[in-house]
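Breakdown of the fold
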Amino acid sequence: MPALNVEFSDRELEDLRRMAKERGTSMKALVREAAAADIARHRALEEGAEEFRRFFTAHAAEFAAAFPDDEPSAKGEAA
């Protein structure tokens, strides 16, 4: 499996050691878990944004009718 070397400040390393000990896990597992959670969060946000774009596009006319003041003017600017 590919690996990545990550540098931490002395304070961050001290905090990681303490947290890993408190959780009964290794520092490596703690850091990997944190990174994996952030990756999953990022993917979920991307998927949510894409779903919103699809929904908004599919209902653009309804949004335009409901919020006419937010529609671009003839010059391409919001009113």
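Coordinates for the structure precede this section.
Being a predicted model, the structure only gives us computed values, none of them experimental.

1. A short note on the overall build of the protein chain
The secondary structure content of the protein chain amounts to three helices and zero strands. Seen in sequence order, the protein chain has helices and strands lined up from the N terminus as α-α-α. Over its C-alpha trace the protein chain gives a radius of gyration of 23 Å, far above what one expects of a compact globule, namely 12 Å for 79 residues. Only carbon and sulfur atoms are counted for the fraction: they give 56% of the accessible area of the protein chain, which is about 7300 Å². With 12 positive and 17 negative side-chain charges, the protein chain shows a separation of 10 Å between the mean positions of the two kinds.

2. Concerning the pattern of salt bridges
A full pass over the atoms with the stated rule returns seven salt bridges. Aspartate 15 is the partner of arginine 11 in a salt bridge, and the nearest nitrogen-oxygen pair spans 3.4 Å. On the criterion of helical spacing, the pair formed by arginine 11 and aspartate 15 is a turn pair, its members being four residues apart in helix 1 (residues 10-23). Residue aspartate 15 is classed as partly exposed on the basis of its relative accessible area, which comes to 21%. Here the salt bridges share partners, and the residues they tie into one network are Arg11, Asp15, Arg18 and Glu22.

3. Observations concerning the layout of surface pockets
If you add up the space inside the largest pocket, you get close to 450 Å³. Lining of the largest pocket is provided by 13 residues; of these, Ala3, Leu4, Lys28, Val31 and Arg32 occupy positions nearest its centre. Residue classes in the lining of the largest pocket are distributed as ten nonpolar, one polar and two charged.

4. Focus: helix 1
Each full turn of the α-helix corresponds to 3.6 residues, which orients residues three or four apart in the same direction. The terminal C-alpha atoms of helix 1 lie 20 Å apart, and with 14 residues this matches the ideal 20 Å at 1.5 Å per residue to within 8%. Glycine 24, located one to two residues past helix 1, shows a positive phi value of around 65°.

5. Points about the packing of aromatic side chains
Each aromatic ring pair is described using two quantities: the centre-to-centre distance and the angle formed by the ring planes. Throughout the structure, instances matching the rule amount to four aromatic pairs. Relative to phenylalanine 63, the ring of phenylalanine 55 has its centre 6.2 Å away and its plane inclined at 80°; by these criteria the two rings are edge-to-face. For phenylalanine 55, a relative accessible area of 45% translates into the label partly exposed. What links up through ring pairs into an aromatic cluster is the set Phe52, Phe55, Phe56, Phe63 and Phe67.

Reading guide: rules and limits
- Every chain's residues receive numbers from 1 upward, in the order its sequence appears when written.
- Since the coordinates come from a predicted model, pLDDT governs what is reported: local features require at least 70, and pairs of side-chain atoms require 80 or more to be given and counted, while whole-chain, interface and lining totals use all residues.
- Each side-chain value is worked out from all heavy atoms of the structure, with water and hydrogens disregarded.
- Where helices and strands are cited, they refer to DSSP runs of H or I of at least four residues and of E of at least two residues respectively, numbered from the N terminus.
- Computation of the radius of gyration draws on C-alpha atoms, with the globule rule given as 2.2 Å multiplied by the number of residues to the power 0.38.
- All accessible-area figures derive from a Shrake-Rupley calculation using a 1.4 Å probe, and residue coverage is judged against the displayed protein chains alone.
- Positive charges come from Lys and Arg alone, negative charges from Asp and Glu alone, with His and the N- and C-terminal ends not counted.
- Throughout, a charge is located at the NZ atom of Lys, the CZ atom of Arg, the CG atom of Asp or the CD atom of Glu.
- Salt bridges are counted wherever a side-chain nitrogen of Lys or Arg sits within 4 Å of a carboxyl oxygen of Asp or Glu.
- Note on exposure labels: buried denotes an accessible area under 20% of the residue type's maximum, exposed denotes more than 50%, and partly exposed covers the range between, all computed with a 1.4 Å probe on protein chains only.
- Cavities and pockets were defined on a 1 Å grid built from protein atoms only: a cavity is a group of points that admits a 1.4 Å probe but offers it no way out, a pocket is an open group of points flanked by protein on both sides within 12 Å along at least five of seven lines, and a lining residue is one with an atom within 4 Å of any such point.
- Grid points are joined across faces, edges and corners, and a volume is the space filled by probe spheres set on the points.
- Put simply, Ala, Val, Leu, Ile, Met, Phe, Trp, Tyr, Cys and Pro go in the nonpolar bin, Asp, Glu, Lys and Arg in the charged bin, and everything else, Gly too, in the polar bin.
- In a helix, the anticipated span is given by 1.5 Å times the number of residues less one.
- Between 30 and 60 degrees the pair is tilted, below 30 it is stacked and above 60 it is edge-to-face, where a pair is any two Phe, Tyr or Trp rings, Trp via its six-membered ring, whose centres lie within 6.5 Å.

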